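# Fold and geometry: a report
Residue strings, one per chain:
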Amino acid sequence: MKVSVDRSVCYGSAECAHRVPAVFAFEDGYGVVRPGRAESGDRPEVQEAAEKCPSQAIRLTAGTA
Ligand code: SF4
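Computed from a predicted model, the values in this text were never measured in an experiment.

Our focus in this paragraph is the overall build of the chain. Scanning the chain from N- to C-terminus turns up two helices and four strands. Helices and strands appear in the chain in the N-to-C order β-α-β-β-α-β. Relative to the globule expectation of 11 Å for 65 residues, the C-alpha radius of gyration of the chain, 10 Å, shows essentially globular dimensions. Seen through its C-alpha atoms, the chain measures out along the principal axes to roughly 25 × 20 × 20 Å. Residues counted as buried form 32% of the 65 residues belonging to the chain.

Right, let's talk about the nonpolar core for a bit. Counting residues in each nonpolar core, the largest one holds 13 residues, and the members touching the most others are V3, V20, V23, F24, V46 and I58. Examining the composition of this core, we find that three residues originate from one element, helix α2 (residues 44–52), more than from any other. Apart from residues lying up to four places away in sequence, F24 is in contact with V3, V5, C16, A17, V32, V33, R34, V46, A49 and I58.

Structurally, H18 can be placed in helix α1 (residues 15–19). You can call H18 exposed: its relative accessible area is 68%.

Relative to the elements of secondary structure, S55 occurs in the loop between α2 and β4 (58–61). By relative accessible area, S55 is classed as buried at 14%. Within the local environment of S55, its side chain forms a polar contact with the backbone oxygen of V9, the two atoms lying 3.4 Å apart. If we skip the residues at most four places from it in the chain, S55 touches V9, C10 and Y11.

What counts, and where the lines are drawn
Residues numbered from 1 in each chain as written. Predicted model: local features only at pLDDT ≥ 70, side-chain atom pairs only at ≥ 80, totals over all residues. Heavy atoms only, no water. Helix = DSSP H or I, 4+ residues; strand = E, 2+ residues; numbered from the N terminus. Rg over C-alpha atoms; globule rule 2.2 N^0.38 Å. Buried < 20%, exposed > 50% of the residue type's maximum accessible area, 1.4 Å probe, protein only. Core = buried A, V, L, I, M, F, W, Y, C linked by side-chain atoms within 4.5 Å. Contact = heavy atoms within 4.5 Å. Polar contact = N/O pair within 3.5 Å; in protein donor to acceptor, adjacent residues only side chain to side chain.

Pasting the structure below:
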């Protein structure tokens, strides 16, 4: 599964970057998926980060990049 952040929804809590720093970073006031980590959507900690994102901005989608 792919993981991405919908910047139009993210309100910049930075929780994703704190929770899974290997996959998410905090840049310019938004959560971002680190380069090369878009294929991390199957990782349980990434799925947990998506569930706990307060704005539901983390998208998990089927398929590859
Ligand atoms: S946890 Fe959600 S709202 Fe917070 S920075 Fe990450 S994507 Fe944005």
